[in-house]
Amino acid sequence: MSEQAGPTQSRLLRGVHRTVTGLHPALESMLAALIGLLVGAALMYMWGFNPWRAYWALLRGAYGGSYEWASTLARATPLILTALTFSVCVRAGMFNIGAEGQMFMGAMAAICVALFKMPPGIHLIVGLLFALIAGAAWSIVPAVLKITRGVSEVISTIMFNWIARWLALYIAIFILVDPSRAEKTLTIPVSARFPILVRGTDFSYSFFLAVFAALVLYFVLWHTTMGYEVRAAGLNPTAARYGGIRNKRTMIVSFLLGGITAGLAGATVVMGMPPSYAAFGGGAFPELTNIGFDGMAVAMVGRNHPIGIIVASVLFGGLNAGGRVMQFYGSNPVPLEMVRIVMGAIVLAMSIPELIRLFPAIKSQGERLVAALRRHGRPASKEGSA
Amino acid sequence: MNWIDLVSLLRIALHAMVPITLTAVGEIVGETAGLFNIGLEGILLISAFAGALSAEAGGPVVGLLVGMGVGAVIGLVFAVINTYWKGTQMITGIGINLFAMGLVAFGLIQLGAPGFHAVPRAAQVIKWKTAMGAMSPIILIALVMPFLIHWFIKRTRAGLILKAAGEMPEAADVAGINVNRVRLLAATFGAALAGLGGAYMSVAWIGSVTKDLSAGRGFIALATVVFSGLNPLLALLGGFIFGFFQGLAEWVKTLPSKPIPSQFVSMLPYIVTLLVVSGAIGRVRFPKALGEPYKRE
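The model shown is predicted, which means the values in this text are computed figures rather than measured ones. What you see as residue numbers is a count from 1 along each chain, following the sequence as written. All chains are assigned letters beginning at A, and all ligands numbers beginning at 1, according to the order in which they are written. For this predicted model, a pLDDT threshold of at least 70 governs which residues receive local features, and a threshold of 80 or more governs which side-chain atom pairs are given and counted, while totals over whole chains, interfaces and linings are taken from all residues.

**Student:** A description of the overall build of chain A should follow, citing residues and the corresponding values.
**Tutor:** The way it works is that DSSP assigns letters per residue, a run of H or I at least four long becomes a helix, a run of E at least two long becomes a strand, and they are numbered from the N terminus. In terms of helices and strands, chain A carries 15 helices and zero strands. Looking at chain A as a whole, 51% of its 386 residues qualify as buried. Once C-beta atoms are placed from the backbone, any two residues with those atoms within 7 Å are in contact. Counting only contacts in chain A whose residues sit at least 6 apart along the sequence, the fraction spanning at least 24 positions is 77%. The burial label depends on the number of other C-beta atoms within 10 Å of a residue's C-beta. Counts of 20 or more mean buried, 12 or fewer mean exposed, and intermediate counts mean partly exposed, with C-beta atoms placed from the backbone.

See the structure below:
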């Protein structure tokens with residue numbers, strides 16, 4: 001049949017072949033997500049839950065309608081920003097695990113706007129500036145320690161996360177505390193809040209800030225000299241140095257960019273998440289905790305690419321939003337923490353390169369498909385040249 | 001500060017040293033063979049939880065053994081991904097940590113007490129009455145283990161094979177050593193020690209499980225490994241230093257007059273870790289093939 005196939009059909013098939021290989025990373029991310037969900041299902045089954053019904057509740061709670069979509073995107077917003085933190089540094093060849101601490105600092109700095117009055121809009125921008133400066137300041141120290149003293153950024157950023165957590169608790173309890181309610185900080189005034197995008201939901205304009213940040217970082221990394229240097233230093237630091245790239249500068253730049261986005265992530269939570277518009281020091285920050293760590297999972301599934309991160313954040317925002325529905329779902333209430341188990345399993349699966357190759361059946365099927373496509377493509381190309 | 005305070009401070013420091021030293025020494029074995037596991041934090045957390053549950057079912061010794069076993073299983077998963085499947089070690093470790101945070105929080109909720117689970121006294125390891133007060137016998141293991149590992153790495157043929165797998169896997173392979181199997185065993189053993197440290201925390205020391213029981217100890221252990229430059233004896237010293245400052249933080253919190261806000265006291269171990277690590281780097285040399293999956297040509 002292949003011999004009779006016209007040139008149009010074979011060109012079409014070659015197009016499919018190219019698309020399939022181009023989609024390879026996306027397919028692997030999807031496979032990893034599937035593995036994560038299966039691990040979660042197995043654990044739920046072991047604990048006596050019905051995984052099928054739990055996931056059904058999660059799916060409906062995440063993508064079941066416009067309210068659910070709004071909730072998903074609202075939870076995706078800070079994840080996009082912390083994922084950018086991780087991915088910029090991975091692109092520069094470093095593992096910045098400090099998004100959590102930088103985000104805490106950003107959130108605390110953003111709450112400072114409650115101390116003074118300003119016209120609406122400007123107040124919001126001032127708050128964002130505070131947050132990004134605080135995030136950048138908190139991330140610059142690990143970068144400097146790495147450059148001057150050779151301290152591994154994995155260790156220093158984690159230590160800074162813990163220091164930030166206790167510092168934020170101190171600030172929330174003693175400095176920015178709400179005089180009438182000791183368990184929470186001051187409330188962000190209306191003039192410094194992100195306007196709500198969809199009435200009745202917690203989906204605010206902060207989502208556009210996150211998407212804008214992703215697009216800016218995409219532009220910086222792929223369309224500027226500085227971004228090129230950052231990526232070159234990440235791919236091969238030695239070669240980059242021979243090429244005249246100052247690695248120390250790329251380290252500082254990537255950490256600064258990461259700190260800025262992480263700080264903004266903290267700001268989007270306190271300034272764009274109804275109903276509280278405050279941080280709860282009394283409950284050890286339930287709204288903020290783990291956004292930095294979840295961001296790492298988003299970055300990996302998004303293949304450390306800003307556009308991929310936006311797509312992946314919809315998956316993880318959906319897990320968080322749907323998880324909140326799942327935990328109250330009738331006779332089968334699965335705690336929200338199951339979502340983080342699934343995320344961990346997804347990251348574990350993502351750490352395996354060529355994940356698809358681990359499954360001989362999938363591999364042989366894929367090879368057969370590729371071989372079939374090649375068979376279809378080749379004679380036609382010969383005909384074309386003849 | 002009087003004499004009794006000093007003794008009690010030393011006692012807390014020795015107890016706080018155990019998980020850090022055991023984890024660090026285990027990680028030294030893994031890193032000598034070329035595997036860099038940053039999932040130690042998660043291993044500590046999961047094995048503390050599993051150890052507590054099984055200690056309540058079968059007694060303290062069972063709890064410690066199950067903790068070790070759970071640690072070994074996680075280490076095995078980590079090692080298989082990063083030897084035979086050529087994974088990225090950092091990302092595997094991050095995955096283990098995320099997974100552990102979810103699993104333990106989930107398990108605690110399932111036990112009916114969100115965030116806190118006390119281990120009954122009957123299920124805890126008995127503490128010895130000594131001149132310094134009640135001491136856990138596990139401290140002895142933590143004191144002896146670094147010497148054992150030091151002897152193993154420096155004085156035995158197996159230790160040499162371990163170093164070869166981390167320094168120059170190609171040469172080891174040519175000499176007929178199965179590099180991946182050596183690394184697998186090393187990482188599994190190291191994670192089992194971390195598992196013992198985790199189970200110690202819940203079964204023999206603190207006596208409860210919370211979702212942030214490990215409190216960065218896995219990463220402090222990593223810092224200890226950096227500080228020690230892969231020398232188990234220095235890891236013992238480093239573990240004691242970090243344990244001392246954790247003990248100091250705990251001790252300051254118990255003072256009736258509150259000289260410093262407790263939040264700042266809680267930061268102390270992390271600040272000290274940063275300072276020590278920034279001071280120690282420079283003279284440290286790590287195995288050449290650390291963090292690289294071995295690919296046969």
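That was the structure; now back to the text.
**Student:** Pulling in residues and values, what's your account of the overall build of chain B?
**Tutor:** Counting its regular elements, chain B contains eleven helices and four strands. Taken along its principal axes, the extent of the C-alpha atoms in chain B is 65 × 45 × 35 Å. Sorting the 297 residues of chain B into buried and exposed places 57% on the buried side. A fraction of 80% describes how many contacts in chain B between residues 6 or more apart in sequence connect residues 24 or more apart.

**Student:** Go over the interface of chain A and chain B, please, and point to the residues and values.
**Tutor:** Across the contact, 37 residues belong to chain A and 39 residues belong to chain B. Looking at the side of chain A that touches chain B, the elements that each hand over two or more residues are α6 (122–149), α7 (153–175), α12 (291–301) and α14 (337–350) of chain A. At eleven residues, α7(A) tops the list of elements feeding residues into the side of chain A that touches chain B. Under the scheme applied here, ten amino acids are nonpolar (Ala, Val, Leu, Ile, Met, Phe, Trp, Tyr, Cys and Pro), four are charged (Asp, Glu, Lys and Arg), and all others, including Gly, are polar. Counted by class, the side of chain A that touches chain B contains 29 nonpolar, five polar and three charged residues.

**Student:** Give me the lowdown on the nonpolar core, citing residues and values where you can.
**Tutor:** A107(A), I111(A), V270(A) and I346(A) are the most contacted members of the largest nonpolar core, which has 226 residues in total. Among the elements that line this core, the one with the most residues is helix α8 (residues 179–205) of chain B, at 18 residues. Domains are outlined according to an automatic or database domain assignment. Residues from two domains meet in this core; each of domain 1 (1–48 + 353–386) and domain 2 (63–333) of chain A gives at least three. Look past the residues within four positions of A107(A) in its chain and what remains in contact with it is G266(A), A267(A), V269(A), V270(A), A279(A) and L288(A). What makes a nonpolar core is a set of buried Ala, Val, Leu, Ile, Met, Phe, Trp, Tyr and Cys residues, with links drawn between C-beta atoms within 7 Å.

**Student:** Tell me what's going on with the confidence of the model for chain B, and back it up with residues and numbers.
**Tutor:** pLDDT gives the predictor's per-residue confidence on a scale running from 0 to 100. Scored by pLDDT, chain B has a mean of 83; 94% of the residues are at 70 or more. Interface confidence in the predicted complex, given as ipTM, is 0.85; pTM for the same model is 0.84.

**Student:** Any chance you could break down the confidence of the model for chain A for me, citing the residues and the numbers?
**Tutor:** For any part of a model where pLDDT is low, the fine detail of the predicted coordinates should not be relied upon. Residues and elements named next belong to chain A. For chain A, the mean per-residue pLDDT works out to 83, and 88% of the residues sit at or above 70. Confidence, expressed as mean pLDDT per element, reaches its minimum in chain A at helix α15 (residues 360–385) with 62 and its maximum at helix α5 (residues 99–111) with 92. Residue range residues 380–386 is modelled with pLDDT below 50. Its contacts to residues more than four positions away, or to other chains, number five contacts.

**Student:** Tell me about the environment of M326(A), and name the residues and values.
**Tutor:** Residue and element names in this part refer to chain A. Its location among the elements puts M326 in helix α13 (residues 306–326). Under the C-beta neighbour-count criterion, M326 is labelled buried, with 28 such atoms within 10 Å. Separated by 43 residues in the primary sequence, M326 and G283 place their C-alpha atoms 22 Å from one another. Setting aside residues up to four positions removed in sequence, M326 forms contacts with A54, A57, L58, G61 and V334.

**Student:** Now, about the environment of F78(B): what can you tell me, with residues and values included?
**Tutor:** Residue and element names in this part refer to chain B. In this structure, F78 sits in helix α3 (residues 60–83). By the C-beta count within 10 Å, which is 31 here, F78 ends up buried. Spatially, the C-alpha atoms of F78 and S278 are 28 Å apart, while their sequence positions differ by 200 residues.

**Student:** So, the packing of α6(A) against α7(A): which residues are in play, and what are the values?
**Tutor:** Residue and element names in this part refer to chain A. Axes, fitted as lines to C-alpha atoms, cover a helix only where it is in contact. Angles between the N-to-C directions of the axes lie from 0 to 180 degrees. For the pair α6 and α7, the least separation of the axes is 9 Å and the interaxial angle reads 150°. Taken together, the axis directions place α6 and α7 in an arrangement best described as roughly antiparallel. Crossing hand, α6 versus α7: right-handed. Facing W138, V141, P142, L145 and K146 of α6, the residues of α7 in contact are E153, S156, T157, F160 and A164. In these notes the angle categories are as follows: under 35 degrees is roughly parallel, over 145 is roughly antiparallel, 65 to 115 is roughly perpendicular, and the rest is oblique. Should the near helix be turned anticlockwise from the far one by less than a right angle, the crossing is left-handed, and should it be turned clockwise, the crossing is right-handed.

**Student:** So what about unusual backbone geometry? Which residues, and what values?
**Tutor:** The backbone of N304(A) sits at a positive phi, close to 55°, despite the residue not being glycine. Here the phi dihedral of L230(B) falls at roughly 65°; this positive angle occurs in a residue that is not glycine. By the element assignment, L230(B) lies in the loop between α9 (217–228) and α10 (232–254). Residue classification places L230(B) among the buried positions, given that 21 C-beta atoms sit within 10 Å.

**Student:** Please set out α8(B) residue by residue, giving values where relevant.
**Tutor:** Residues and elements named next belong to chain B. In this model α8 runs 37 Å from its N-terminal to its C-terminal C-alpha over 27 residues, within 8% of the 39 Å that 1.5 Å per residue would give. A maximum bend of about 30° is found in α8 at A199. In terms of burial, α8 is largely enclosed, as 26 of its 27 residues are buried. G207, located one to two residues past α8, shows a positive phi value of around 80°. Any helix carries an expected span of 1.5 Å times its number of residues minus one. The angle between axes fitted to the seven-residue stretch ending at a residue and the seven-residue stretch beginning at it gives the bend at that residue.

**Student:** An account of the packing of helix α3 (residues 51–63) of chain A against helix α4 (residues 66–91) of chain A is needed here, citing residue identities and associated values.
**Tutor:** All names here are of chain A. Contact geometry of α3 with α4 gives a least axis separation of 5 Å together with a crossing angle of 85°. The orientation of α3 with respect to α4, classified from their angle, is roughly perpendicular. From α3, G61, A62 and Y63 reach across to α4, where they touch E68, W69 and T72. Of the residues belonging to the contact of α3 with α4, the class tally is three nonpolar, two polar and one charged.

**Student:** I'd like to hear about the environment of K117(A), residue by residue, with values.
**Tutor:** Residues and elements named next belong to chain A. Examined against the element boundaries, K117 turns out to sit in the loop between α5 and α6. On the basis of neighbour count, K117 is assigned to the exposed category, with 10 C-beta atoms found within 10 Å. Sequence-wise, K117 and S204 are 87 residues apart; in three dimensions their C-alpha atoms are separated by 22 Å.

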